[in-house]
Amino acid sequence: MSINQIVDILKEQQATFVLLLCHKSADADAVCAAYAFQGLLKRFLPDLVVEIGAPQGINKPTKQLLENLPIAVNLKPNIESANVIFLIDMNTIEQLDEVVDRLKASNVPMIIIDHHAPNLDTEQICNFCLINEQAAATCEIIYDMYQQAGIQLSLNEAKALFTGIAFDTRHFALGDSDTFRIAGGLVNAGVDAQAMLTLFSNPIDNSERLAKLKACKRAKIIKIGEWIITLSHVSAYEASAAKSLVDLGAHMAAVAGKKAGKLEVSLRCNRDFSEKTGIHLGKDISMPMGELLEGVGGGHAMAAGVNAKGEVDDALDKCLKLLKEKIPTNA
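Along every chain, residues carry numbers that run from 1 in the direction the sequence is written. The model is predicted, so local features are restricted to residues of pLDDT at least 70 and side-chain atom pairs to those at 80 or more, both for listing and for counting; the totals for chains, interfaces and linings are taken over all residues. Side-chain numbers here rest on the full set of heavy atoms in the structure, without hydrogens or water.

**Student:** Just checking my understanding: could you explain the overall build of the protein chain for this structure?
**Tutor:** Runs of H or I in DSSP of at least four residues are treated as helices and runs of E of at least two as strands, each being numbered from the N terminus. From N to C terminus, the protein chain includes 14 helices and 11 strands. Computed over C-alpha atoms, the radius of gyration of the protein chain comes to 20 Å, within 12% of the 20 Å expected from 2.2 N^0.38 for 331 residues, which places it in the range of a compact globule. Projected onto its principal axes, the C-alpha coordinates of the protein chain cover approximately 55 × 45 × 40 Å. Burial status follows relative accessibility: with a 1.4 Å probe on protein chains alone, a residue under 20% of its type maximum counts as buried, one over 50% as exposed, and anything between as partly exposed. Every one of the 331 residues in the protein chain was classed for burial, and the buried ones make up 51%. All radius of gyration figures rest on C-alpha atoms, and the globule criterion is 2.2 Å times the number of residues raised to 0.38.

Now the structure itself:
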C-alpha cells in the first residue's frame, strides 16, 4: 500500500478527522512514526485534522524525548469522531486494553502500519495493512513512504524518524543495511546523529535499577542444549530487566510481572540464539503464549511481549515449554 492509495481512501471517506493510534505505553518508534506520518498526510491534505492518540499512555523515555521534539499526543483521543483510524506500530488492537471495545464498535476504515508479525484477528478487523516485517522500525516504513512520494522531510520529521529507529534498534546495534541507508538519508536531511544519540543517554532512576537487580537475583537459569535460558519476575520494567539478563550473558530471557491483575511478559534474546535456533520470539513464543494465557502476544524475532491473564509462574512455565519444543535438538 502506497501513500497515494492511503490518500485515495481518505478522499473516498471525505475524511476531515484522522486518528493515529499508538500502542500501550507507546515507545519512541510508535510516537515518532506517527508524528512523521502526520506530516506526510498534511502534505497531501492540508485541511485534514490529524491527531496522534495514545490512550494507554507513553513510556518514560519517550516522555523525555518529547521535550526535544514538537510532538503533541492526546492521551484521551476521540475515537468516535474519527473518519479513518490508523494503528501505528501495533499488530493487535488488544494492546489498547479498555478502548478495544470502542474500536471494534467503530464502522470507519482502520489501517495498520507496522513492522511486527501480523495478528490474524486484527487483520480481519482492519480494512488495510501496510506491514513490513523486514523493517527494523516502523519509522523506516514511514521514511520510505516519504521517499516514494518524493517529499522532503522537515528537520523535525527527520529527527523524529532517526529517534524512533535508534530506539528500536538499540542505537543501531540491531540495524541492517536498510537501517543504515535510511540513517544516512536522515543525516543528509540535517540530523546531527551525535547530538540526537546524546539525548538517549539519560540516567535510569533507582526504581528501574532495582527492577534489574531483582530480576538477576530471582533468575532461574536453565540450559537447553548449548543455550542458557533465564526466567525471572519483577513488578515493573520487565522489558528492561529481560534485556539486562541477556546483556549479562543469557542467550534468551523471559521476565514476567503482574500489575492490577494484568500479566505482562517480556522476552529478549541475542542474535546468535535467534539465527542458530531459527526461533522468532514474536511468532513462535509470544503469539502462542498469548493464546494459552487468554491474551495477546507478538513482537520481533529478538524482542517480544505478552499481555494476558493468569499467574507469573504459569506464564514462565508455558514459555519454557514452548522453548523446549521449538529449540532444535541439534542447535
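**Student:** I keep staring at the nonpolar core and nothing clicks. Help me out?
**Tutor:** Burial of nonpolar side chains together is a common tendency in soluble globular proteins. Counting 56 residues, the largest nonpolar core has L10, L20, F37, L41, F86 and L186 as the members making the most contacts within it. In terms of residue count, the dominant contributor to this core is helix α2 (residues 28-44) (10 residues). Residues within four places of L186 in sequence aside, it is in contact with Y143, L153, A158, L161, F162, I165 and V191. Buried residues of nine kinds, namely Ala, Val, Leu, Ile, Met, Phe, Trp, Tyr and Cys, make up a nonpolar core once their side-chain atoms join them within 4.5 Å. Grouped together as the second largest cluster of nonpolar side chains are 30 residues, C269, A304, A308 and L323 included. The contact definition used throughout considers only heavy atoms, calling two residues in contact when any of these lie within 4.5 Å.

**Student:** Hey, could you run me through the pairing of strand β10 (residues 296-299) in this one?
**Tutor:** In summary, the side chains of a regular strand alternate between the two faces of the sheet. Residues V296 and G298 point to one face of β10 and G297 and G299 to the other, with burial holding for every one of them. Strands were regarded as paired on the criterion that DSSP finds at least two bridges between them. In textbook terms, the turn of a hairpin is the stretch between consecutive antiparallel strands, and for β10 and strand β11 (residues 303-308) this stretch comprises 3 residues.

**Student:** Could you clarify how one ought to interpret the packing of α2 against helix α6 (residues 138-149) in this entry?
**Tutor:** Any two packed helices are characterised by how steeply their axes cross, that is the angle between the axes, and by the distance between the axes. Remark: α2 packs on α6, axes separated minimally by 8 Å, with the N-to-C direction vectors making an angle of 20°. Classified by the angle their axes make, α2 and α6 are roughly parallel. As α2 packs across α6, the resulting crossing turns out to be left-handed. On α6, the residues touching D29, C32, A33, A36, F37, G39, L40, R43 and F44 of α2 are T138, C139, I142, M145, Y146 and A149. By the convention adopted, Pro, Cys, Tyr, Trp, Phe, Met, Ile, Leu, Val and Ala count as nonpolar, Lys, Arg, Asp and Glu as charged, and the other residues, Gly among them, as polar. When grouped by side-chain class, the residues that make up the contact of α2 with α6 number 11 nonpolar, 2 polar and 2 charged. With axes taken as lines fitted to C-alpha atoms, and helix axes fitted only over the stretch in contact, angles between N-to-C directions fall between 0 and 180 degrees. These descriptions rest on fixed angle ranges, namely under 35 degrees for roughly parallel, over 145 for roughly antiparallel, 65 to 115 for roughly perpendicular, and the rest for oblique. By convention the crossing between two helices is left-handed if the near helix lies anticlockwise of the far one by an angle smaller than a right angle, and right-handed if it lies clockwise.

**Student:** Would you mind going over the sheet that holds strand β9 (residues 262-269) with me for this structure?
**Tutor:** Taken together, 6 strands build an open sheet; the order of strands is β6-β7-β8-β9-β11-β10 and the sheet is mixed. Taken across any chain shown, the strands that pair with only one partner, and hence form the sheet edges, are β6 (220-224) and β10. In this sheet, adjacent strand axes meet at a mean angle of 15° when their direction is disregarded. Pairing analysis gives 8 bridges linking strand β8 (residues 252-259) to β9, with the strands arranged antiparallel.

**Student:** How should the pairing of β11 be read in this particular structure?
**Tutor:** Strand direction decides the pairing type here: β9 and β11, joined by 6 bridges, are antiparallel. If you follow V265 over to β11, its bridge partner there is V306. Pairing geometry for β10 and β11, over 4 bridges, is antiparallel. Note on β11: the bridge partner recorded for G297 is V306.

**Student:** Is there a simple way to explain the environment of F172 in this structure?
**Tutor:** Within the secondary structure, F172 sits in the loop between α7 (155-168) and α8 (177-188). The contacts of F172, once residues within four sequence positions are left out, are F162, I165, A166, T179, F180, A183 and L197.

**Student:** Explain the sheet that holds strand β2 (residues 49-53) to me, please; I cannot follow it from the model alone.
**Tutor:** Hydrogen bonds along the backbone pair up the strands of a sheet, which may run parallel or antiparallel. Taken in spatial order, the 5 strands of this open sheet run β2-β1-β3-β4-β5, and their pairing is parallel. Single-partner strands in this sheet number two, and they are β2 and β5 (128-131). Strand after strand, the sheet turns through a mean of 15° between neighbouring axes, direction not considered. Sheet topology places strand β1 (residues 17-22) next to strand β3 (residues 84-88); 5 bridges connect them, and they run parallel.

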